[in-house]
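# Coordinates in review
Each chain is listed here by its residues.
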Amino acid sequence: MQAWIEWARGPVFIFSFSFMVLGLARHVALTVWEAGRTMRRAGDRSLPLVAIGRATLKWLFPAGAIARNALFSSTSVLFHAAILVVPIFLAGHIALWTRAFGIGWPAIPNGVADVLTLLAIVTAVALAVQRLTARATRAISRPSDHLVLLAVALPFATGFLTMHPALNPFSFESTMLLHVMSGNLVLVLMPLTKLSHAVLLPGTQLISKVGWHWPLDSGSRVGAALGKEAERV
Amino acid sequence: MTDPKAKFGYYVEKRTLEATDRPRRFLEAFAAVLEHSSYHLPLDVYSRAGARCGQCAADCQLYQSTGEDRDIPCHRSELLMRIYRRYFTPAGALAARLGDGFVLTDEYLDGMGEAYYRCTACRRCKLTCPLGIDHGLITHLARWLLAEIDVVPKALVVATREQLEGVGNTSAIPVPALKDTCEFLEEELQENFNVEVKFPIDVEGAEYVFFPAVSDYLLEPDTLMGNAAVMHVTGGSWTIGTGNYDGINYGLFYSDRMMERIVKNEVAEVRRLKGRKILIGECGHATRSAWFVPTFCGPDAPEVVNFMQYTAKALREGRLPLKRDKIAERVTYHDPCNIARAGRITEEPREILRAICSDFVEMTPNRTENYCCGGGGGTVSVDEIRAFRTGPMGRRKAEQIRATGATYLVAPCANCKKQLREICEDNGLDQVQVVGLHDLVLKVLDFGAASGEARDGGPAADEVSRLAKADARQSAEHVRRCTEGGEAPRWLGATTENTAGI
Ligand code: SF4
Ligand code: SF4
Ligand code: SF4
């Protein structure tokens, strides 16, 4: 079992992590390139950058949104904060980096990590309940939306159990293996699913504006491509 | 197969019914648009990152009142994104091979036609989307693609045809009738205010070339008189061009191809008259579509100014003489989404209203967050769906208006005005008068000593405007009789058909 865990922590992790980094980098590169191309072709190259920046900041730190839909927004914000902080700043995770590459950074105290992990689990459950019960959300949910949430919650649930063996009804090793592998799964899913919003979100407000910036003569070019130049209205 | 005629009679023109092969033609149009325009970027990013959180639903006035799945913004946008992913991304092609059975069919396209004309493209839902997904953009694109297979409201096509290939404007008003109307409005100003206000026609080298919603010449004499009066007191250099005097651009609602042609015609008229700027009258979508001038004509194209911006500037600079007595009735203001949603014109009208009204109240919410009138995206032109527009689509607006208790509802937009009047009629808001901003400005403009006794001794302002409206209708009738031969009945015929659509 220990060998399996080492395998999951070693080669599988390296693969998953590189896959995530490269995949997300590809998303960013494609988007940046395409946005640049759009603006280079655009007839109107002015962009309301201040408004875009403001909207982007608003949604990166969505304090204002909480006033609009308090229950959902605060749940979502806490969930995102917890799942971002714990994996990166948990002492045990940093130790792995130090062991492998000799790099490290300050950790959060384990007590705080515990609280945040529980928070992640509770908010994930709340989001799942919201997804299943709120009418509009349920109506537009794909199977993957439920599964991705489950996949993200799993490393936190198993991670909590590994940290608290006294509460763990299963064997430490199997829990740890599941923890590492589910963590790896999330890394792989990052570029493949909507989780890519982790890197795309900072750009979406800009994209929504850039999308209205069409090339010079784009209407007539489409007309020409469709052979409709001479067609009457 | 569903019978499109029975279901969607109002927006499918005859020739569609015989057309076959619509899915293929739709995909061809989609491919051409992806190639030659910029929609690929948002489609791609939205379909990668869209979180399906459902928050956007809460902001749409339609979903708020129907609660139907099909009215969830993200649900509607998915109709198009699904086609995009399936036919234009490798992942979609792969998924199709692996058994995702989605195939674009005729029925699916009919469903889209219905769905995308239930959305007014007001873009309110963008405000609550954490990702800023712009469903207005998706609706805009979907409608264009649908129009390429002739699924488009008849009212929009008929008006656009008249504008681009007929008389030259959406209301089919011929030039002699335009001139007559302007003369009549000049007389009207003379009679009621004792001032000689001009509607300058075809003046070369003017700073501003004026493009109101052309329907204003038929339906909103007060707004136009207010516009001209402001120009008069501020000494503005402006002109109306007989080559093109219509700011309406239904291309914004259904086709970038048409939008480009209409925008370019405006620029051509400004160039012909050696004017410097495009001055748009009180019309939301005319303004927003004119903001696309640089998009279609490049950065050297003339600047675009909305009339309210002009008037507010004059007010700020102290060049707008106002009477001491302000308008006493309660006034509220409707923000047309096309100018307010992105925050481009929200403060100018308020500055003006605060200066001329003593009891100005806001609707809540307002400015960028205001609810659409419910007739946006050209749907106000479709008379067949009035019950939908003033019912589920307009209910929120009606509540907003009622809560203000206002007598005057100012809506600086030809589309909004028509829709709001219908909302008031259908929702028991009989005490509310829907007016333009310059209608009110006209009431309190101080023409100075020159205007003589009309200021004090003349009929009360309300009486004036009532008379003016009645007279304008008479004059339209008169104009019709005076214009030569075959043209006149055509104008009238087209008018009854088209002004419905303004
Ligand atoms: S654009 Fe307006 S009408 Fe359309 S879905 Fe969004 S809020 Fe509703
Ligand atoms: S709010 Fe945005 S991310 Fe959420 S469902 Fe609507 S469009 Fe999708
Ligand atoms: S008609 Fe007026 S309120 Fe309605 S969408 Fe257009 S601008 Fe908005």
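As the structure is a computational prediction, the values presented were derived from the model and not from experiment.

Moving on to the overall build of chain B. For chain B, the count of helices and strands is 27 helices and 8 strands. For chain B, buried positions account for 64% of its 502 residues. Intrachain contacts of chain B at a sequence separation of at least 6 include 81% that bridge at least 24 residues. Total accessible area on chain B stands at roughly 17,100 Å², and carbon and sulfur atoms take up 50% of it.

Take the overall build of chain A next. When helices and strands are tallied, chain A shows 11 helices and 0 strands. The order of α-helices and β-strands along chain A, N terminus first, is α-α-α-α-α-α-α-α-α-α-α. Compactness check: chain A gives a C-alpha radius of gyration of 22 Å against a globular reference of 17 Å for 233 residues, more than 25% above the reference. By the burial criterion, 42% of the 233 residues in chain A qualify as buried. For chain A, the proportion of contacts with a sequence separation of at least 24, taken over those separated by at least 6, is 70%. Charge-centre separation for chain A: the mean point of 19 positive side chains lies 6 Å from the mean point of 9 negative side chains.

A few words now on the packing of aromatic side chains. Per the stated rule, a full pass over the model turns up 24 aromatic pairs over all chains. Both rings, one in Phe 13 of chain A and one in Trp 97 of chain A, keep their centres 5.8 Å apart while their planes meet at 80 degrees; by these two values the pair is edge-to-face. Placement of the pair is Phe 13 of chain A in helix H1 (residues 2-41) and Trp 97 of chain A in helix H5 (residues 91-101), with a sequence separation of 84 residues. Ring centres of Phe 193 of chain B and Phe 447 of chain B lie 5.5 Å apart, and the angle between their planes is 55 degrees; this geometry places the pair in the tilted category. A residue pair is termed long-range when its members are at least 10 positions apart, and Phe 193 of chain B in helix H11 (residues 175-193) and Phe 447 of chain B in the loop between helix H24 (437-444) and helix H25 (454-457) qualify at 254 residues. When sorted by exposure, Phe 193 of chain B lands in the same class as Phe 447 of chain B, which is buried. Taken together, the ring pairs connect Trp 212 and Trp 214 of chain A together with Tyr 39, Trp 144, Phe 292 and Phe 296 of chain B into an aromatic cluster.

So, about the site of ligand 1. Every residue lining ligand 1 is accounted for by Cys 60, Pro 73, Arg 76, Cys 119, Thr 120, Ala 121, Cys 122, Arg 123, Arg 124 and Cys 125 of chain B. Tallied by class, the residues present in the shell around ligand 1 amount to 6 nonpolar, 1 polar and 3 charged.

Turning our attention to the interface of chain B and chain A. Interfaces are frequently sized by the accessible area removed from exposure as the parts join. Across the boundary between the two partners, chain B contributes 71 residues, which contact 55 residues of chain A. Where chain B abuts chain A, roughly 5,200 Å² becomes buried across the two surfaces, and 55% of that area is made up of carbon and sulfur atoms. The largest contributions to the chain B side of the interface with chain A come from Leu 41, Arg 48 and Arg 52 of chain B, which together make up 15% of the buried area. Inspection of the chain B/chain A interface yields 4 salt bridges. Across the salt bridge formed by Arg 135 of chain A and Asp 69 of chain B, the nearest N and O atoms sit 2.9 Å from each other. One can count 25 residue pairs in polar contact (both at pLDDT 80 or more) joining chain B with chain A.

Take the domain arrangement of chain B next. Residue and element names in this part refer to chain B. Examined at the domain level, chain B breaks down into domain 1 (14-152) and domain 2 (158-500). Listed as interface residues are 21 residues of domain 1 and, on the opposing side, 28 residues of domain 2. Here domain 1 and domain 2 share an interface that buries about 2,100 Å² over both sides, 53% of which is from carbon and sulfur atoms. Along the contact surface separating domain 1 from domain 2 lie 14 residue pairs in polar contact (both at pLDDT 80 or more). Only helix H5 (61-66) and helix H9 (135-148) provide two or more residues apiece to the side of domain 1 that touches domain 2.

A few words now on the side chain of Arg 341 of chain B. Residues and elements named next belong to chain B. Structurally, Arg 341 can be placed in the loop between helix H19 (337-340) and helix H20 (347-356). For the buried Arg 341, no salt bridge exists, and the shortest N-O distance to an oppositely charged side chain is 7.7 Å, to Asp 59. At 2.5 Å, the side chain of Arg 341 and the backbone oxygen of Thr 368 are in polar contact. Filtering out sequence-adjacent residues up to four positions away, Arg 341 remains in contact with Cys 122, Arg 123, Arg 124, Leu 127, Thr 368, Glu 369, Asn 370 and Cys 372.

Residues and elements named next belong to chain B. Strand order across the open sheet formed by 4 strands is E2-E1-E3-E4, with parallel pairing between neighbours. With one partner strand each, in any of the chains shown, strand E2 (238-239) and strand E4 (303-306) form the two edges of the open sheet. Pairing of strand E1 (residues 208-211) with E2, which is carried by 2 bridges, proceeds in the parallel orientation. Each bridged residue has a counterpart across the sheet, and for Val 209 the counterpart in E2 is Thr 239. In the packing of helix H18 (residues 307-316) onto the sheet, contacts are made with E1, strand E3 (277-280) and E4, and the angle to E4 comes to roughly 75 degrees.

Once that is clear, we can look at the pairing of E3 of chain B. All names here are of chain B. What you see with E3 is no split at all: Lys 277 and Leu 279 on one side and Ile 278 and Ile 280 on the other are buried throughout. Summarising the sheet, E1 and E3 pair through 4 bridges and their orientation is parallel. Within the sheet, the bridge partner assigned to Val 209 lies in E3 and is Ile 278. When E3 meets E4, the two strands line up parallel, connected through 4 bridges. Among the inter-strand pairings, Ile 278 is bridged to a residue of E4, identified as Val 304.

With that settled, the discussion passes to the side chain of Thr 162 of chain A. Residues and elements named next belong to chain A. Turning to its location among the elements, Thr 162 is positioned in helix H8 (residues 143-163). Take Thr 162: its relative accessible area is 10%, and that puts it in the buried class. Setting aside its immediate chain neighbours within four residues, Thr 162 contacts Phe 172, Thr 175 and Met 176.

Side chains that carry opposite charge are capable of pairing whenever their charged atoms lie near each other. Residues and elements named next belong to chain B. Scanning the entire structure with this criterion turns up 49 salt bridges over all chains. We note a salt bridge from Arg 118 to Asp 71, for which the minimum N-O separation is 2.9 Å. Taken as a pair, Arg 118 in the loop between helix H8 (106-116) and H9 and Asp 71 in the loop between H5 and helix H6 (73-88) lie far apart in primary sequence, 47 residues in all. Just as Arg 118 is buried, Asp 71 falls in that class too. With a closest N to O distance of 3.9 Å, Lys 417 and Glu 220 form a salt bridge.

Moving on, we come to helix H4 (residues 70-89) of chain A. Residues and elements named next belong to chain A. Its 20 residues give H4 an end-to-end C-alpha distance of 28 Å, which sits within 8% of 28 Å, the value for a rise of 1.5 Å per residue. Those residues of H4 that fall on the buried side of the exposure criterion are Phe 72, Ser 73, Thr 75, Ser 76, Phe 79, Ala 82, Ile 83 and Val 86. Turning to H4, the residues buried within the fold contact helix H3 (63-68), H5, helix H6 (110-133) and H8.

Calculation notes
Residues numbered from 1 in each chain as written. Chains lettered and ligands numbered in written order. Predicted model: local features only at pLDDT ≥ 70, side-chain atom pairs only at ≥ 80, totals over all residues. Heavy atoms only, no water. Helix = DSSP H or I, 4+ residues; strand = E, 2+ residues; numbered from the N terminus. Buried < 20%, exposed > 50% of the residue type's maximum accessible area, 1.4 Å probe, protein only. Contact = heavy atoms within 4.5 Å. Areas by Shrake-Rupley, 256 points an atom, 1.4 Å probe, with all protein chains shown as cover. Rg over C-alpha atoms; globule rule 2.2 N^0.38 Å. Lys, Arg positive; Asp, Glu negative; His and termini not counted. Charge placed at Lys NZ, Arg CZ, Asp CG, Glu CD. Phe/Tyr/Trp six-rings, centres within 6.5 Å; stacked < 30°, edge-to-face > 60°. Near = heavy atom within 4 Å. Nonpolar A, V, L, I, M, F, W, Y, C, P; charged D, E, K, R; others polar. Buried area = accessible area lost by both parts, 1.4 Å probe. Salt bridge = Lys/Arg side-chain N within 4 Å of Asp/Glu carboxyl O. Polar contact = N/O pair within 3.5 Å; in protein donor to acceptor, adjacent residues only side chain to side chain. Domains from an automatic or database assignment. Pairing = 2+ DSSP bridges. Axes fitted to C-alpha atoms, helices over the stretch in contact; angles between N-to-C directions. Expected span 1.5 Å × (residues − 1).

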